[in-house]
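Chain by chain, the residues:
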Amino acid sequence: MANKVVVGAQWGDEGKAKITDLLATDADLIIRYQGGCNAGHTVVVNGKTFKFHLIPSGILYKGKTCFIGNGTVILPEYFEQEIEGLKKENIDLSGLKVSPLATITMPWHTEVDGYSEDNAQKGKIGTTKKGIGPTYTDKMGRIALKIEDLYSPEALSEKLDVILPLKNKQLKEVYGLKTYTKEEVIELCNKYAKIFEPYVCFDWQEMLHRFKKDGKKILFEGAQGVMLDVDFGTYPFVTSSNPIGGGACTGSGYGPTIIDEVIGVAKAYVTRVGEGPFVSELSNDVGDKIREVGHEYGVTTGRARRCGWFDAVTMKYACLVGGLTSIALTKIDVFDEFEEIKICTAYKDTRNGKIYSSYPTDVYIHKFLEPVYETHAGWMSDITGIKKYEDLPLNARKYLERLEEILETPISIVSVGPDREQTIFKN
C-alpha cells in the first residue's frame, strides 16, 4: 500500500470513516491531521456502529498506531468522553498518540462560539458550537494553548499572563461572558494534563522518522470536506482548517513528498449540514426521499442534512484543489429504488443566462444560480450484496462511468452499504 490521504470531496459527511477504516487494514500509522470534535465519523463493523469525533477510526484495529496531529484542535472533555466510550467497548488504546503541538479548545472558545452563532443577525454559519473556529482564531493569533504547555508550569504561567488579560477583556466587553482567573485556569489545565498524559507523544519526531525510514505504510485522515476548506470552500460558510490533501502536511509533521495518493470520498449525491450555498439542493419530495433512505442526519449534531443531486461542478473543483488521484464513491445503493438519477453538470445564472462549467468561488452570486442537469436511468434493484464491479447493474455502471468521464478522475472504490464488507474495489 502506498501512503494515502483520505479527504472529504464535498461538504463533509461523505463516509470518510468507512473508507479510512478499510484502508487502515494495510496501514501501520493512521494520522488525523485537522479539525476537532465538530467532525463525526461513523464506522459499522459486523452490524455494530462506532462513532468517532477526534480519534482516528483506525483505532479499531489492533497493532496500529493512531496519531492525532498538530493540525487538530482538541476539546479535552470531549476527548475524555470518547476515550471512555472506547474503553467500555474493550478497544485497545495502546496505539493512540496525541501530538503535543495540538491546540486545546478552552471553555471560553465554546462559550464564544455559542454566543456568536446564537446572536448572529446575518451571516449565520451553522457551526456545531464546539469552539472550533474560536480555537483556530486564537491559534493564528498566537494566543492559544498547546497540549505541551500543560506539562510546563513555567511556560503555562507565562502564557496565561499574556492570554488572560486579552481574553478577559474580550469576554467581558465584547460578549458579556464570564471571565477567568489565572488560578482557575491553571486548575483546569492540571485536570487536562491528567486526561492527555497516557497519550501525549513527546517523541513524535522520532516516531514519524522511524515510520518513514522503515518504509511503513501511512494513512492520513481528514475531517469535513474540500468545500468546507477555509481557503477553497464556500467561504465564509466553511470550517476553520484545511481538509484538502495539502492539509495533511501542515497538520501531521510530514512533508508532501511522503504522499503517494489522495483519495477523495464523495456520495453518489450531495449533502450539506449548516448554512451556505448549495446549488443542486432539492427542497422537495426527492430531497426528502434521499434523506430518509440515506439516513442523512448529522453524527455530531443530529441535524437533518440538506440533500441534492450529485454536483459535478463542485466535484471537478474538489479534484483540482484537493489534489485527488482517485474517488471513493459512497451510498450509491441509496438510488436502488430511483427510476431516474440526475447529475448537475453546470450552473446557469438566472440574471443573464451565463453558464458556469467551472466552480464560481464568489458564493454571493450562488443565489442567482440554478443547476443544469443531465438525466440517467436508474437500475431499480438491490445492489447492497454485490461484491464485484462487473456484477453491478448496467445502469449503475453507466452512472459511475459517466462521473469518471466528467470528472476526469477514476473511481477506485464503490461503497454499496455501510458495513466494511459492502465495498467494491474497482480495478
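What you see is a predicted model; the values in this text were computed from it and never measured.

(A) Up close: the overall build of the protein. Within the protein, the secondary structure is distributed over 11 helices and 19 strands. Radius of gyration (C-alpha) of the protein: 22 Å, near the 22 Å computed for a compact globule of 427 residues. Taken along the three principal axes of its C-alpha coordinates, the protein extends 65 × 50 × 40 Å. Counting over 427 residues, the protein shows a buried share of 58%. For the protein, the accessible surface area stands at approximately 18100 Å², while carbon and sulfur atoms represent 49% of it. Here the protein holds 52 positive side-chain charges and 59 negative ones, and the gap between their average locations is 1 Å.

(B) Highlighting helix 7 (residues 204-213). Among all positions in helix 7, only W204, M207, L208 and F211 are buried. The buried side chains of helix 7 occupy one side of the element, clustering within an arc of 95° when seen end-on. Turned more than 90 degrees off the buried face of helix 7, the exposed positions are Q205, H209 and K213. Summarising the contacts, the buried residues of helix 7 are in contact with strand 2 (29-32), strand 5 (65-68) and strand 7 (96-98).

(C) Main features of the sheet that holds strand 14 (residues 326-330). Pairing in this open sheet of 9 strands is mixed, and the strands run 7-5-2-9-1-10-14-18-19 from one edge to the other. Whereas interior strands pair on both sides, the edge strands pair on one side only; in this sheet they are strand 7 and strand 19 (423-425). Geometrically, the sheet is characterised by an average inter-axis angle of 20° between neighbouring strands, direction not taken into account. Where strand 1 (residues 4-8) and strand 10 (residues 261-267) come together, 5 bridges link them in parallel fashion. Within the sheet, the bridge partner assigned to V6 lies in strand 10 and is I263. Docked against the sheet, helix 1 (residues 16-23) engages strand 1, strand 2, strand 9 (218-221), strand 10, strand 14, strand 18 (411-415) and strand 19, running at close to 170° with respect to strand 1.

(D) Representation of the pairing of strand 15 (residues 340-349). Taken together, the 2 bridges between strand 13 (residues 310-311) and strand 15 define a ladder with parallel strand orientation. Residue F310 lies in a different strand from strand 15, and its bridge partner there is I343. Pairing analysis gives 2 bridges linking strand 15 to strand 16 (residues 355-356), with the strands arranged antiparallel. Along strand 16, the bridge assignment pairs Y347 with Y356. Following strand 15, the chain reverses through 5 residues before pairing antiparallel with strand 16; G353 in that reversal takes a positive phi of roughly 80°.

(E) Just the pairing of strand 10, in detail. By the criterion of burial, strand 10 is predominantly enclosed, with 6 of the 7 residues buried. Summarising the sheet, strand 10 and strand 14 pair through 5 bridges and their orientation is parallel. Considered in strand 14, the bridge of V265 is made with A328.

Here is what the cut-offs are and how they apply
Residues numbered from 1 in each chain as written. Predicted model: local features only at pLDDT ≥ 70, side-chain atom pairs only at ≥ 80, totals over all residues. Heavy atoms only, no water. Helix = DSSP H or I, 4+ residues; strand = E, 2+ residues; numbered from the N terminus. Rg over C-alpha atoms; globule rule 2.2 N^0.38 Å. Buried < 20%, exposed > 50% of the residue type's maximum accessible area, 1.4 Å probe, protein only. Areas by Shrake-Rupley, 256 points an atom, 1.4 Å probe, with all protein chains shown as cover. Lys, Arg positive; Asp, Glu negative; His and termini not counted. Charge placed at Lys NZ, Arg CZ, Asp CG, Glu CD. Arc of directions from axis to C-beta. Contact = heavy atoms within 4.5 Å. Pairing = 2+ DSSP bridges. Axes fitted to C-alpha atoms, helices over the stretch in contact; angles between N-to-C directions.

So yeah, pure geometry; function would need other evidence.
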